[in-house]
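Residue strings, one per chain:
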Amino acid sequence: MDMTKIGFLSFGHWRDVPGSKVRSAREALVQAVDLAVAAEEAGVDGAYFRVHHFAPQQAAPFPLLSAIAARTSRIEIGTGVIDMRYENPLYMAEEAAATDLISGGRLQLGVSRGSPETALAGYQQFGYVPDAGDPNGADLARAHTSVFRRAIAGEPMANADPQMTGMAGSLPVFPLSDTLSDRIWWGAGTRATAEWTAEQGMNLMSSTLLTEDTGVPFDELQAEQIDRFRSTWEQMGWERTPRVSVSRSIIPIIDDESRHYFGVRAQVEGQDQVGHLDGGLARFGRSYIGSPEDLVVELAADRAVRAADTVLVTVPNQLGVDFNARLLAAVKDVFTEVDAAPVPA
């Protein structure tokens, strides 16, 4: 089979507390660039960042991704995910295309309605107020995404001023990056949303939780989500092959430091959990914490991991660049063996 692409997913936390190696917004940004450089050197395939507003985490992805693009040559750069309720679609189209051009076509842009935020309807403070029949802004997010995707595809977005252009007609936004349209991912939290994602012709990004629960293990539910996505994609007749990513918390215990921070947590976090999120049941996937040998066996049996082409590893960014670079190199080694193992029947 093809080799699984391994990326890291950072929330970009910073906090001035004992034990944190990321104490300010500047440190969070500079260390994010340094980690992407180190990850590329270790053979890791992607550097992805969660986007949160009104919180001490990464919020403005395009300056950061452009800085990473300027310091690297191979690694994919992306988001997981941008909450489209907060975005001006045309300004975002300009920023995304510019970032993609700087990177030489390495941008992998995850977008969606987003997850629960620290602010109550914070997107309204950004100037975007959904209709009365759209209380959580889901329709608003999809509408913004539709305009954004049309803009990056080069569709006309404004009427030309004949006095300025010497012609009547309409204008797209600039710059344009020709293939960016194929590299937009939708963060889907349910099986039905995954089917909608395929209908739209976007790649599928699925995280460490699903906002539904059928009683089966998380990896089986997520594998069903992926299967439904691919079946719908085939029915739609899209020409290209879609990509699918899943996120996982994976901590190889490889030295005293990793054992100190995560050794005890392996006993608590090694199984799925079911809880309430957004007014309904949600199933949260387990963490994978253990020796590299044990992780090979466990991840090889994870049906969704084996069904995806890309695994995004959530990193504890507050432990610093060196710790996370070692963690990612160990995960990359683990997946060399996982890819060689038989796929579960």
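Residues numbered from 1 in each chain as written. Predicted model: local features only at pLDDT ≥ 70, side-chain atom pairs only at ≥ 80, totals over all residues. Heavy atoms only, no water.

### Considerations on empty space enclosed by the protein
Part 1: Scanning all chains against the criterion turns up 1 cavity of 30 Å³ or more.
Part 2: Approximately 90 Å³ is the volume attributed to the largest cavity.
Part 3: Residue lining of the largest cavity: 15 residues in total, with Ser10, Gln31, Ala32, Leu35 and Asn317 positioned closest to the centre.
Part 4: Where the lining of the largest cavity is concerned, the elements lending two or more residues are strand S1 (5–10), helix H1 (25–41) and helix H12 (321–340).
Part 5: With 5 residues, the top contributor of residues to the lining of the largest cavity is H1.
Part 6: Of the residues assigned to the lining of the largest cavity, the class counts are 7 nonpolar, 7 polar and 1 charged. (1 Å grid on protein atoms, 1.4 Å probe; cavity = no way out; pocket = protein on both sides within 12 Å on 5 of 7 lines; lining within 4 Å. Points joined across faces, edges and corners; volume = space filled by probe spheres on them. Helix = DSSP H or I, 4+ residues; strand = E, 2+ residues; numbered from the N terminus. Nonpolar A, V, L, I, M, F, W, Y, C, P; charged D, E, K, R; others polar.)

### Some points on the pairing of strand S15 (residues 310–314)
Part 1: Of all the 5 residues making up S15, 5 are buried; the element is thus mostly covered by neighbouring parts of the structure.
Part 2: Here S15 shows two buried faces, one formed by Thr310, Leu312 and Thr314 and the other by Val311 and Val313.
Part 3: Bridge analysis of S1 against S15 gives 5 bridges, and the strand direction is parallel. Paired with Gly7 across the bridge in S15 is Leu312.
Part 4: Across 4 bridges, strand S10 (residues 244–248) lies against S15 in parallel orientation. Bridging from a neighbouring strand, Val246 pairs with Val311 of S15. (Buried < 20%, exposed > 50% of the residue type's maximum accessible area, 1.4 Å probe, protein only. Pairing = 2+ DSSP bridges.)

### Here's the deal with the environment of Leu140
Part 1: The residue Leu140 is located in helix H4 (residues 138–152) in this model.
Part 2: Along the primary structure Leu140 and Ser170 are separated by 30 residues, whereas in three dimensions their C-alpha atoms are 25 Å apart.
Part 3: Other than its neighbours up to four places away in sequence, Leu140 contacts Arg85, Tyr123, Tyr128, Pro130 and Asp134. (Contact = heavy atoms within 4.5 Å.)

### Some thoughts on the nonpolar core
Part 1: One finds Phe8, Leu109, Phe148, Ile250, Leu299, Leu328 and Phe335 to be the most contacted residues of the largest nonpolar core, which totals 72 residues.
Part 2: For this core, the element with the most residues is H12, which contributes 9 residues.
Part 3: One finds Leu9, Val81, Trp185 and Met205 within the second-largest nonpolar core, a separate group that totals 6 residues. (Core = buried A, V, L, I, M, F, W, Y, C linked by side-chain atoms within 4.5 Å.)

### Brief notes about the packing of H1 against helix H2 (residues 61–71)
Part 1: Where H1 meets H2, the closest approach of the two axes is 9 Å, and the angle between their N-to-C directions is 40°. If you check the angle between H1 and H2, you find them oblique. As for the relative orientation of H1 and H2, their crossing is right-handed in sense. Along the contact surface, H1 presents Leu29, Ala32, Val33, Asp34, Ala36 and Val37, while H2 presents Leu64, Ala67, Ile68 and Arg71.
Part 2: For the contact of H1 with H2, the residue count by class is 8 nonpolar, no polar and 2 charged. (Axes fitted to C-alpha atoms, helices over the stretch in contact; angles between N-to-C directions. Parallel < 35°, antiparallel > 145°, perpendicular 65-115°, else oblique. Left-handed = near helix turned anticlockwise from the far one by under 90°.)

### Describing the UniProt feature "domain: Luciferase-like" (unreviewed entry) in the protein chain
Part 1: Summarizing the sequence annotation, UniProt attributes the feature "domain: Luciferase-like" (unreviewed entry) to residues 22–256 in the numbering used throughout.
Part 2: Annotated as residues 22–256, this span is 39% helix and 17% strand, and its ends, taken at the C-alpha atoms, are 21 Å apart. (UniProt positions renumbered as here; feature names shortened; annotations may be inferred.)

### Here's the deal with the layout of surface pockets
Taking a probe equal in size to a water molecule and rolling it over the atoms shows the remaining empty space.
Part 1: Considered as a void within the structure, the largest pocket measures approximately 1400 Å³ in volume.
Part 2: What lines the largest pocket is a set of 49 residues, and nearest its centre among them are Phe11, Arg50, Ser207, Thr208 and Leu209.
Part 3: Looking at the lining of the largest pocket, the elements that each hand over two or more residues are strand S3 (76–83), H4, strand S7 (184–187), strand S8 (203–206), helix H8 (256–262), helix H9 (265–269), strand S12 (273–277) and S15.
Part 4: In terms of residues, the lining of the largest pocket owes the most to one element, H4, which gives 3 residues.
Part 5: Tallied by class, the residues present in the lining of the largest pocket amount to 18 nonpolar, 23 polar and 8 charged.
Part 6: What the second largest pocket holds in volume is close to 220 Å³.
Part 7: If you trace the second largest pocket, you find 14 residues lining it, with Tyr86, Glu87, Tyr91, Glu95 and Phe126 closest to the centre.
Part 8: Among the secondary structure elements, those contributing two or more residues to the lining of the second largest pocket are H2 and helix H3 (89–103).
Part 9: If you tally residues by element for the lining of the second largest pocket, the top one is H2, at 3 residues.

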